[in-house]
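The primary structure of each chain is shown beneath.
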Amino acid sequence: MSKITTDVLVIGGGTAGFGAAVAAARQGLNVHLIEAGNKVGGVMAFCPGMPWGAAYPCDTSIGGLMEELSTRLFEMQPPAAERRLCTLENFGDEIIYDHDIATTAMFEMLEEAGVHLHLNATAIAPDMQDTKIASVSFFDRHGQHDIAAKIVIDCSGDGDISAKAGVPFVLGDARGNMMGVTLTFMMENADWDRVFAQNDPYFTSYAAKGIAEGRLHEDLGKLYLMKGFHQNTVFCNSVVIRGIDGTNPEAVAKGTQEGRRRAVQMARFLQQDIPGFENAHMTNLGPTVGVRETRKLKGVYEITAQDLADGTRFPDGIVCCDNPIDDVMRTSSDMTHDAMVETGDYYTIPFRALVPEYVSNLMFAGRIISADATAFASVRGMPQCMAMGQATGTAAALAIAEGCAVQEVDHATLVKALQAQGVQGLGREELAKT
């Protein structure tokens, strides 16, 4: 069993973990990042081609690492990303990108920052000493390793280590209902002009016909089809499987296999029934389902739907957002895209929602944020998760420099540091139009 000592341990290599690791390493800290899969990106890895939505509240970039990464892709020759208006209501502009180039750019940014990356490595348990995580054990193909860190940042999506460290949590909403999981795929060689000539952005008349004939699953009443980054590719974000507990590996495996069946069925339906798909074929079927919601940890502050509806800009706000309530089949086949704030308004996500009440050297970021069910449905966008990670990585440096608990990090200093990193719309500053 090997033993590792570091300044910061980041658990989970999704967009939140990426943001946390890069931000902390750029502050001169020794950072180790543990990722259970074989690539970084989280939902990007599970759902290749998933757009980055909510990066432009009020038509303005949130800034920070999200803007840096997207600018890298925009400026490549040829460009590897493009800003487009989302076809779904209330979502505004989003970033469409070449999946493989985007993940390569993320690997490069981690490498440039000096992050020690452990892939195919699963965090198992924390070793607690009073209110502090002394070390975390993880396993890879070589066996067990123990890593002692001054600060631990849980960006795992499910919050296993935080839960084992004693942080209270709820699963899904107050009654344990979790949003549906999704298996995505792409259709290549589709004729965009004919596919998107429909007046109905959700292809509901076609879907109703497929369901009535038993050729589509009954939950496919709306077909979420979006232009992919490359010409004549279509991203299919439609296959949602309800009732899957994302913390249960067996349930995820069963959900993934059910998703495969529905995806193959849907691809055949598109080829046979929707004009423009006649010569298209399915590709980039996700390796597993994308999980939207499992644990929500209890932080020093829990974000509420009322906070967001009021457009609250917290003194310790670390990222802006105007995302709608993107609630996907939590208790039924219904999906909502209801606006969260008034047009032209936005709210900020408070740092206190990323900090537990008692564990003195632990923070968390991403979809395990402390929020009620409705607020969570708005704050969970990948750009916001990346910014949450950036905030925790920056806060880690402040806590280590001051020798203080993460709960004692000075919020004004943190906000000022994030502003210096290009994060926009924090504190008393308004979002600057780009």
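Keep in mind the model is a prediction, meaning the values are calculated, not measured.

Considering the overall build of the chain
Logical step 1: Broken down by element type, the chain carries 12 helices and 20 strands.
Logical step 2: Over its C-alpha atoms the chain spans a radius of gyration of 21 Å, differing by no more than 12% from the 22 Å that the globule rule assigns to 434 residues.
Logical step 3: Principal axes of the C-alpha set define a box for the chain whose edges measure 65 × 50 × 45 Å.
Logical step 4: By residue count, 58% of the 434 residues in the chain fall in the buried class.

Describing the pairing of strand β13 (residues 234-241)
For a regular strand, side-chain orientation follows a simple rule: the groups alternate between the two sheet faces.
Logical step 1: Burial runs high along β13: 8 of the 8 residues are buried.
Logical step 2: Across 6 bridges, strand β11 (residues 181-188) lies against β13 in antiparallel orientation. Considered in β13, the bridge of Val181 is made with Ile241.
Logical step 3: Alignment of strand β12 (residues 225-227) against β13, held across 3 bridges, turns out to be antiparallel. Within the sheet, the bridge partner assigned to Met226 lies in β13 and is Phe235.
Logical step 4: Counting the residues between successive antiparallel strands, the hairpin from β12 to β13 contains 6 residues, one of them, Asn232, with a positive phi of roughly 65°.

Description of the nonpolar core
Logical step 1: By size, the foremost hydrophobic cluster in this structure holds 86 residues, and its most contacted members are Trp52, Ile318 and Ile369.
Logical step 2: Setting aside anything within four residues of it in sequence, one finds Ile318 in contact with Ile349, Pro350, Phe351, Leu354, Ala387, Met388, Ala391, Leu414, Leu418, Val423 and Leu426.
Logical step 3: By size, the runner-up hydrophobic cluster in this structure holds 30 residues, among which are Leu216, Ile244, Phe269 and Val289.

Points about the sheet that holds β11
Logical step 1: In space, the 4 strands of this open sheet follow the order β12-β13-β11-β14, with antiparallel pairing throughout. In this open sheet, the two edge strands, each paired with only one partner strand, are β12 and β14 (281-283). Here the strands of the sheet are splayed against their neighbours by 35° on average, with no regard to which way each runs.
Logical step 2: With respect to the sheet, helix α8 (residues 249-273) is in contact with β11, β12, β13 and β14, its orientation differing from that of β13 by roughly 135°.

Here we look at the environment of Gln421
Logical step 1: By the element assignment, Gln421 lies in the segment after α12 (411-420).
Logical step 2: Separated by 353 residues in the primary sequence, Gln421 and Glu68 have C-alpha atoms spaced 10.0 Å apart.
Logical step 3: In this structure, Gln421 is in contact with Gln27, Gly64, Gln390 and Thr394, ignoring residues within four places of it in sequence.

Re helix α11 (residues 382-402)
Logical step 1: For α11, with 21 residues, the first-to-last C-alpha span of 30 Å sits near the 30 Å given by 1.5 Å per residue.
Logical step 2: Across the 21 residues of α11, 18 count as buried, placing the element largely inside the fold.
Logical step 3: Immediately beyond the C-terminal end of α11, within one or two residues, lies Gly403, with a positive phi of roughly 65°.

Considering the environment of Gly159
Logical step 1: In this fold, Gly159 is placed in the loop between β9 (143-154) and α5 (160-164).
Logical step 2: Between the C-alpha atom of Gly159 and that of Thr5, which follows or precedes it by 154 residues, the distance is 22 Å.
Logical step 3: When near neighbours in sequence (up to four residues on either side) are disregarded, Gly159 contacts Asp154, Arg295, Leu297 and Ile368.

Structural notes on the side chain of Thr103
Logical step 1: Locating Thr103 in the fold gives a position in helix α4 (residues 99-113).
Logical step 2: Looking at Thr103, its side chain comes within polar contact range of the main-chain oxygen of Asp100, at 3.1 Å.
Logical step 3: Residues within four places of Thr103 in sequence aside, it is in contact with Lys39, Val40 and Met44.

Considerations on the packing of α11 against α12
Logical step 1: Relative to each other, α11 and α12 sit at 120°, their axes nearing to 10 Å. Between α11 and α12, the angle is such that the two are oblique. For the crossing formed where α11 meets α12, the hand is right-handed. In contact with Gln390, Ala391, Thr394, Ala395 and Leu398 of α11, α12 contributes Thr413, Leu414, Ala417 and Leu418.

Thoughts on the pairing of strand β16 (residues 317-321)
Logical step 1: Among the 5 residues in β16, 5 count as buried, and that is most of the element.
Logical step 2: Bridging between β16 and strand β19 (residues 347-350) involves 3 bridges; their strand directions are antiparallel. When the sheet's bridge partners are listed, Gly317 is paired in β19 with Pro350.

Notes on the packing of helix α1 (residues 15-26) against α11
Logical step 1: Two elements in contact, α1 and α11, have axes whose closest approach is 6 Å; the angle formed by their N-to-C orientations is 30°. In terms of orientation, α1 lies roughly parallel with respect to α11. Relative to α11, the crossing made by α1 is right-handed. Facing Thr15, Ala16, Phe18, Gly19, Ala20, Ala23 and Ala24 of α1, the residues of α11 in contact are Met382, Cys385, Met386, Gly389, Gln390, Thr392, Gly393 and Thr394.

Comments concerning the packing of aromatic side chains
Logical step 1: For the structure on display, the rule yields 4 aromatic pairs.
Logical step 2: Arranged with centres 6.4 Å apart and planes meeting at 70°, the rings of Phe196 and Phe203 form a pair that is edge-to-face.
Logical step 3: Given a relative accessible area of 25%, Phe196 falls into the partly exposed group.
Logical step 4: Ring plane angle 65° and centroid distance 5.5 Å describe the contact between Tyr301 and Phe314, whose orientation is recorded as edge-to-face. One end of the pair, Tyr301, is in the loop between β15 (295-297) and α9 (305-309); the other, Phe314, is in the loop between α9 and β16, and 13 residues separate them in sequence.
Logical step 5: According to the relative accessible area criterion, Tyr301 is partly exposed, its value standing at 23%.
Logical step 6: One cation-aromatic arrangement involves Arg83 over Tyr56; the distance from NZ or CZ to the ring centre is 3.7 Å.
Logical step 7: Lys222 extends its terminal NZ or CZ atom over the ring of Tyr202, reaching a point 4.8 Å from the ring centre.

Parameters and conventions
- Residues numbered from 1 in each chain as written.
- Predicted model: local features only at pLDDT ≥ 70, side-chain atom pairs only at ≥ 80, totals over all residues.
- Heavy atoms only, no water.
- Helix = DSSP H or I, 4+ residues; strand = E, 2+ residues; numbered from the N terminus.
- Rg over C-alpha atoms; globule rule 2.2 N^0.38 Å.
- Buried < 20%, exposed > 50% of the residue type's maximum accessible area, 1.4 Å probe, protein only.
- Pairing = 2+ DSSP bridges.
- Core = buried A, V, L, I, M, F, W, Y, C linked by side-chain atoms within 4.5 Å.
- Contact = heavy atoms within 4.5 Å.
- Axes fitted to C-alpha atoms, helices over the stretch in contact; angles between N-to-C directions.
- Expected span 1.5 Å × (residues − 1).
- Polar contact = N/O pair within 3.5 Å; in protein donor to acceptor, adjacent residues only side chain to side chain.
- Parallel < 35°, antiparallel > 145°, perpendicular 65-115°, else oblique.
- Left-handed = near helix turned anticlockwise from the far one by under 90°.
- Phe/Tyr/Trp six-rings, centres within 6.5 Å; stacked < 30°, edge-to-face > 60°.
- Lys NZ or Arg CZ within 6 Å of the ring centre and 35° of its normal.

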